[in-house]
Amino acid sequence: MIEARPRKRIRSSTKRKRAASPTHLPRVPILFAPFRALGLITNHIPFYIQTRSYKDATDGPRIHILTCLGRSWALWEGGKMGLLFVGPEVQDPISCLVMDGDAVWAASGVHVIKYLRGKEVSRVSNPLQTPLAFVIRFGTQLLALTEDGARMLIWEVSTNEQALSTTIQFDIGFTATSILHPATYLNKVLIASKEGDMQLWNIRTQTCIHKFSNSLLRTLPSQQHMNSLSSPITALTQSPAIDVVGVGFMSGEISVYDVHADERLMRMYMDNGGIKALSFRSDGHPILASASSSGHIALWDLDSGGRLLHLIRGAHDGAVSALEWVPGQPVLISSGEDNSVKQWLYESPTAVPRLLKFRSGHHAPPHLIRFYGEDGKQLLSASADRTLRYISVVRDSRSYEMSQGSLARKATTLSKPLTSLKFPPITSISCSSTRSKDWDDVLTAHADEMCVRSWTVLNKRVGKHTFNSAESSKRKSPSGVVKCVCVTACGNFGLAGSSTGEIHMWNMQSGLKRKSFKVGPCPQAVIDRLELSSMTKSKASQRSITGLASDALNRAVIAATSDGTVNFFDFHTCTLDQVIVLPTPASSMMLQRDSGLLAVACDDMVVRIIDIETRRVVRELACGVHGRILDIAFSSDSRWIVVTSLDSVIRTFDIPTGQLINAFRTPSVATSIAFSPTNDFLATAHVDSVGIFLWANRSQYSEVAFRAISEDDIAEVALPSMQGSEEDEALEALEKLGVEDKPADVFSTPSQLDGDLVTLTLLPRARWQTLLNLEVIQQRNKPKEPPKKPEHAPFFLPTLPGVEHRFAIEEKKQETQDKHTRRLDKIAANSQSTLQKLLLLSANDALFDYIKSLSPAAIDLELRLLAFNSLKQFLRAIKRRLQSHLDFEAVQALQNVVLRIHADVIIENEDLRTELEELVKVQKKESGRVLDLLASSLGTLGFVRDIQ
C-alpha cells in the first residue's frame, strides 16, 4: 500500500490523522495556544550520523546528526551542535531514522515517511498493517523489519511509484532485530536476531545464503564443543576491514567476526550491562568503541587482541543508545537515554578522551519550574535527576546545567557513580535578580535536608554559601528538614522554613544568620477543628512550614503551615502580628508582590486569595473535585491566576470576578507551571516528559472575549511540539493566535440600558466642547495675514528711455475679487445636504448617528446651511431625542449652536417660536430629571462614605 500524493495533500492528510489520534485533538483553549517545547534533545532511538565533504573546504567535513524526539525528529549541525530542522509530528512514535542525501526517512507505525528539508514529500506503508521497527537504505531500495521480527519488506523507492517489490518471511524461531550491509557484498545483507543467530540473505534472489549460529558467534573455534546460553544480538556494525563485523550481545559479550571465514577473531566482555552500540574507528587506529546499558563507554585495542584501553564510567546517566566515530577523525559521538548527545575527542590513542561538545537536557521529568528575571526569557527547572538547569526561552543553545562542583573527579577518586554525589532533588526554588551581579541570587531547598544552598546564575554554578538550619537551632530542640525558601525582593536576604515551624533568615552576601521566626503552638481554633487527642497535641506543636513569602518592601514575612494557618510576622521585630485560620490545611503558597495578593492552595481543592494589606480572604476559587492542587501562578498584572491539579486540567481564573475563564486538559498531569513576567507565555512541566512546554497567551496578540465557563467546557489539547516544523504549520500557529474562532462578544453594550435612564453618546467630551467654542478656536487659529508668494526679478530688466539709466518698475495689479454669479446662487439654493435629506425622512436614529460621525467643523457647517423648513424639522428632531432619553449631552450642544446661529430667524417667525416653546418645556422636564438623579446618587454616596 503505497501513498503517493501531492505535497499539499500530504500535509492535510497528516493533520487529519493527527486529529483522529486520542492524544492529538484539534481543539485549542480560548486563552492559551500551544507554542513550542524546550529541552528535548533525543530519546532511546539511535541517532543517525551523516558527513558531507565539500571542495576546497578548510574546516573538514560537515557533520549532521539526526535524533528522535518521540513523534518528531531533529537535525543538528555537528560543528556547533546547532538545530537545523525539526520534523512535523506524526501520529505514532518514531521507531527508526535514516538519512539518504538530503532526504530523511522515519519509520512511524506502519508507515515509512520521507522528508525533504523538514517537509513530508511521500510515504510507503506496510500492507500487513503491522508496525515497523527497523529501516535501512540499500541503494535504490528501502528495507524494513516488522516489529514482530517475522518479515522483511523491500520497497523500490528510486521511481515515483515507490512500489513494494519483495516480502521475505523468516523461519520460526528467528526474530529479526537489525540489518547490516557488509561492505563490498553485492545484494546481500546480514540480519541479526533476538535468539543470538545471524543470517546472510540475498535480497535479489530472496534466498538465505548462510546461517551463523549463536554458538559460533560467541565461542572460539577451539571451544565449539562448549555449550553457552543464547543471548540476543543488540549491536551489529561494519569494521574498516572487509568481511569483518562487530557483534554485541545482551550478556555484555563482544565478538569481532569474519563472516567470510565463518569464525570469530576476538572476544571482549563488558561488565555492568549488555552491549547497546558498537563502532570501529576509521582513521587508521584499530580501536573498537562499545557502549553498555549502564552508561559506560569502553575502548578496545584490536592490535593487542582486544585489550581494554579506556573505560569512561558514567559517560551518560542512562543507557547509551548509539555510538559512532566520525569518519577520518578521532571524534566519537554518543547519545543516551539521558536526553543528551556528546562528542568525545581522542587526542592520542593512549590519552584519556575528553568531552568536546554536547547538548543535553533533563533526563528525568522536571517537577519544579520558575521564571528567572523580569524579561521572561529564562527559566530555572529542577528535576528528579538531581540537577538544576537554566533554560533559555529564546535560544536552546544558551541553556545549561548549573554546576555542582568537580563531581567527576570525586566520583573517580571514590569509585562511585556520578549521580550519587549530586545534591538531593530540589523541593523549593526562590530567586531575585536585583543583586545578581553582586552575589548569589537563587536559593534551593532539597529533599530530606536541613540545609539551604545558594546559587549564582551569573557564574552558572552553586554559590559559596550553604545555610544550615540545624546549626541555628538549639541542640535540645529537634531540627527539621527545610520545606520552603524565599529570597526577598531586594535580593539581600534569604529565608527558609522547616518542618518544625522555625523560619531562619540569612544575609545573601555574607552568609551570616540575621533573624529567626517561630510560628508557635497550634491555635485553639485549629485544635478544635482537627479534634486532636492528647497524644497528637505534642506533635501539633511542631508545625511544618509549607509556604514562605515576604512583601515587596520588607515589612512582613508570611508563612503558611500544614495545619491550615497563615501567619504574618513583622520583618524587623520578628513578632507574630496576626494568624488567619483556614478551613483546611495549606499545601503551598504564592505571593504576587506588586499587587499584594497571596494565593494559598488548600487540600479541599480550593485556592484562597488573601489581601496582605487588609489580611482578609478576598476570593475563594474552587478547582474541581477530582484532584488536589499541584501548583499555582499569577499573571504579572494580577488579573489572572493559573492553577494545575492532579486531574490533568490547567485552569485560569479571573481574580476581579472570581470566575473560571479558561480550562484545558493535557494528556499528562502538569506538575509545575510558571507565568512569564511579560505575560506572553505560560510554561508547564509534565509528569511523563523531560521537556518544558510553552503556551502562548493569545490575549497578547488578538482580541479574546472572556466569559465564565463551567467544568463541562474543558478543552482537551495536545502538548506543544518542538519549534521549526514547516512553514505552513508556523502560519497555522499564528492563525491560532488570531481571531478566526473569536466568539461572539457577550458583553456588548446595548444602545440604552433602560428607557427611563438618561444615556450619553459615549463620545469624548472634547467633541462637544469644540463645537460650542468653534468660533473662538477659529478666530484664535486664524493667521494674521495670508501668505505671500515671493517676487521674482525678470531675467532682462526693462529700462526707460532717456539720458539717465533708469529701470521701468511695473506697478502691482490689484487682485480682482471673485464675483458671485446668479447661476451659482441658484445651484446652491436647489442643492440639499445630507443632514437636510435625513430631516425630510424623519429618521431620528440615522440623523443622530450621522451627526456623531461628523467633526465639530462639519457639524457647524451643516447647522448653518439649515433653511426655514429644515430648521423647523431640526427643532422637532431635538425634541424627540430628548424624550427618548438618548444622546443627552449632544442634544444640549446642538441646541446651543442652533439658537446662537438662527436666533433672529426663530424670533421673527411665529411657527418656529411655537416649536421652540414646546422644546423649552421638554428641556425643563428632562433637565429636572437629570438633576434629581444626580442628587439621589450623591446622597447615596455620602451615606455609604459615612458608614465606612
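Since this is a predicted model, take the numbers as computed values, not measurements.

Rules behind the numbers
- Residues numbered from 1 in each chain as written.
- Predicted model: local features only at pLDDT ≥ 70, side-chain atom pairs only at ≥ 80, totals over all residues.
- Heavy atoms only, no water.
- Helix = DSSP H or I, 4+ residues; strand = E, 2+ residues; numbered from the N terminus.
- Buried < 20%, exposed > 50% of the residue type's maximum accessible area, 1.4 Å probe, protein only.
- Contact = heavy atoms within 4.5 Å.
- Areas by Shrake-Rupley, 256 points an atom, 1.4 Å probe, with all protein chains shown as cover.
- Pairing = 2+ DSSP bridges.
- Axes fitted to C-alpha atoms, helices over the stretch in contact; angles between N-to-C directions.
- Disulfide = S-S within 2.5 Å.
- Patch = residues over 30% accessible without salt bridge, like charges linked within 9 Å, V, L, I, M, F, W, Y side chains within 5 Å.
- Salt bridge = Lys/Arg side-chain N within 4 Å of Asp/Glu carboxyl O.
- Phe/Tyr/Trp six-rings, centres within 6.5 Å; stacked < 30°, edge-to-face > 60°.
- Lys NZ or Arg CZ within 6 Å of the ring centre and 35° of its normal.
- Polar contact = N/O pair within 3.5 Å; in protein donor to acceptor, adjacent residues only side chain to side chain.
- pLDDT = per-residue confidence, 0-100.

Asks: I tried to follow the overall build of the chain on my own but got confused; where do I start?
Replies: Helix and strand counts for the chain stand at 17 helices and 60 strands. Sorting the 948 residues of the chain into buried and exposed places 49% on the buried side. The long-range share in the chain, meaning contacts at least 24 apart out of those at least 6 apart in sequence, stands at 48%. Surface exposure of the chain reaches about 47,500 Å², of which carbon and sulfur atoms provide 53%.

Asks: Would you explain the sheet that holds strand β17 (residues 198-202) in this entry?
Replies: Hydrogen bonds between backbone atoms are what pair the strands of a sheet, whose relative direction is either parallel or antiparallel. Pairing in this open sheet of four strands is antiparallel, and the strands run β15-β16-β17-β18 from one edge to the other. In this open sheet, the two edge strands, each paired with only one partner strand, are β15 (176-180) and β18 (207-212). The mean angle between the axes of side-by-side strands here comes to 25 degrees, regardless of whether they run parallel or antiparallel. The sheet contact formed by β15 and strand β16 (residues 188-193) spans four bridges and is antiparallel. Across the sheet, the residue bridging to alanine 176 is serine 193, located in β16.

Asks: Help me understand the state of the cysteines, please; the structure alone is not making it clear to me.
Replies: Disulfide: a covalent bond formed between the sulfur atoms of two cysteine residues. Overall, the coordinates contain zero disulfides when judged by the stated rule. The structure places no disulfide on cysteine 486, whose sulfur is separated from the nearest cysteine sulfur, that of cysteine 484, by 8.6 Å.

Asks: Looking at this model, I keep getting lost on a nonpolar patch on the surface. Mind explaining?
Replies: Taken together, Leu576, Val579 and Val581 make up a surface patch of nonpolar side chains, about 190 Å² in accessible area. One can find leucine 576 in strand β46 (residues 576-581).

Asks: How should I be thinking about the packing of aromatic side chains in this particular structure?
Replies: The geometry of an aromatic ring pair is captured by two quantities: the separation of the ring centres and the angle between the planes. Under the defined criterion, the tally for this structure stands at 15 aromatic pairs. Ring centres of tyrosine 390 and tyrosine 400 lie 4.7 Å apart, and the angle between their planes is 15 degrees; on these two criteria the pair is classed as stacked. Here tyrosine 390, found in strand β33 (residues 388-392), pairs with tyrosine 400, found in strand β34 (residues 400-401); they are 10 residues apart in sequence, far enough to count as distant. What makes tyrosine 390 buried here is its relative accessible area of 13%. Among the aromatic side chains, those forming a connected cluster through ring pairs are Phe32, Trp640, Phe664, Phe675 and Trp695. Against the face of phenylalanine 423 rests arginine 453, its NZ or CZ located 4.0 Å from the ring centre. Cation over ring: lysine 460 sits above tyrosine 400, and NZ or CZ is 4.8 Å from the ring centre.

Asks: Which parts of the structure should I look at to understand helix α12 (residues 844-853)?
Replies: For the α-helix, the turn length of 3.6 residues means that residues three or four positions removed from each other point alike. When α12 is considered as a whole, its buried residues turn out to be Asn844, Leu847, Phe848, Tyr850, Ile851 and Lys852. At its buried positions, α12 is contacted by α8 (765-772), α11 (834-841), α13 (856-864), α14 (868-883) and α15 (888-901).

Asks: Help me understand the environment of cysteine 68 in this model?
Replies: Relative to the elements of secondary structure, cysteine 68 occurs in strand β4 (residues 62-68). For the pair cysteine 68 and glycine 87, spaced 19 residues apart in sequence, the C-alpha to C-alpha distance is 9.6 Å. Those residues in contact with cysteine 68, other than ones at most four positions away along the chain, are Ile41, Thr42, Asn43, Ile45, Trp73, Ile94 and Leu97.

Asks: Would you mind going over the pairing of strand β44 (residues 556-561) with me for this structure?
Replies: Strand residues, when the strand is regular, have side chains that alternate between the two faces of the sheet. Among the six residues that make up β44, six are buried, leaving the element largely enclosed by the rest of the structure. A two-sided burial pattern is seen for β44, the buried positions comprising Ala556, Ile558 and Ala560 on one face and Val557, Ala559 and Thr561 on the other. Pairing of strand β43 (residues 545-550) with β44, which is carried by five bridges, proceeds in the antiparallel orientation. Looking at β44, one finds that leucine 548 is bridged to alanine 559. The turn linking β43 back onto β44 is made up of five residues, and asparagine 554 within it adopts a positive phi angle of 55 degrees. Following β44, the chain reverses through three residues before pairing antiparallel with strand β45 (residues 565-570); glycine 564 in that reversal takes a positive phi of roughly 95 degrees.

Asks: Just checking my understanding: could you explain the side chain of histidine 446 for this structure?
Replies: Along the chain, the position of histidine 446 falls in strand β36 (residues 442-446). Reaching out from histidine 446, the side chain makes a polar contact with the backbone oxygen of proline 424 at a distance of 2.9 Å. Within the local environment of histidine 446, its side chain forms a polar contact with the side chain of threonine 444, the two groups lying 3.0 Å apart. Sequence-distant contacts of histidine 446, defined by excluding residues within four places in its chain, comprise Phe423, Pro424, Pro425, Ile426, Thr427, Arg453, Trp455 and Val482.

Asks: Where do I start with unusual backbone geometry in this structure?
Replies: Most peptide bonds are trans, and most residues other than glycine sit at a negative phi. One non-glycine residue with positive phi stands out, namely cysteine 574, at about 65 degrees. Following the sequence through the fold, cysteine 574 ends up in the loop between β45 and β46. If you check the backbone angles, aspartate 887 has positive phi at about 50 degrees while not being a glycine. Relative to the elements of secondary structure, aspartate 887 occurs in the loop between α14 and α15. Judged by relative accessible area, which is 3%, aspartate 887 ranks as buried.

Asks: Is there a simple way to explain the environment of alanine 867 in this structure?
Replies: Assignment of secondary structure puts alanine 867 in the loop between α13 and α14. Sequence separation between alanine 867 and valine 905 is 38 residues; the distance between their C-alpha atoms is 9.8 Å.

Asks: Is there a simple way to explain the environment of leucine 66 in this structure?
Replies: Note on placement: leucine 66 falls in strand β4. Along the primary structure leucine 66 and phenylalanine 47 are separated by 19 residues, whereas in three dimensions their C-alpha atoms are 5.4 Å apart.

Asks: In this structure, what is going on with the confidence of the model for the chain? I would like to understand it.
Replies: Low pLDDT marks regions whose predicted coordinates should not be analysed in detail. Mean pLDDT over the chain works out to 83, with 86% of the residues at or above the 70 mark. Note that residues 814-818 has pLDDT below 50 and, in this model, zero contacts with residues that lie over four places away or in other chains.

Asks: Would you mind showing me how to read the pattern of salt bridges here?
Replies: For side chains of opposite charge, pairing can occur when their charged atoms come near one another. Counted under the stated rule, the structure contains 32 salt bridges. Close ionic contact of glutamate 613 with arginine 555 constitutes a salt bridge, the shortest N to O distance being 3.1 Å. Linking glutamate 613 in the loop between β49 (606-611) and β50 (616-622) with arginine 555 in the loop between β43 and β44, this pair joins segments that are 58 residues apart in sequence. According to the relative accessible area criterion, arginine 555 is partly exposed, its value standing at 44%. The closest approach of N and O atoms between glutamate 918 and lysine 879, which form a salt bridge, is 2.9 Å. Here glutamate 918 is found in helix α17 (residues 910-947), whereas its partner lysine 879 is found in helix α14, with 39 residues between them in sequence. Taking relative accessible area as the criterion, glutamate 918 reaches 33% and is therefore assigned partly exposed. We classify lysine 879 as buried; its relative accessible area is 16%. Linked by salt bridges that have partners in common, Asp845, Asp849, Lys852, Arg881 and Asp887 make up one network.

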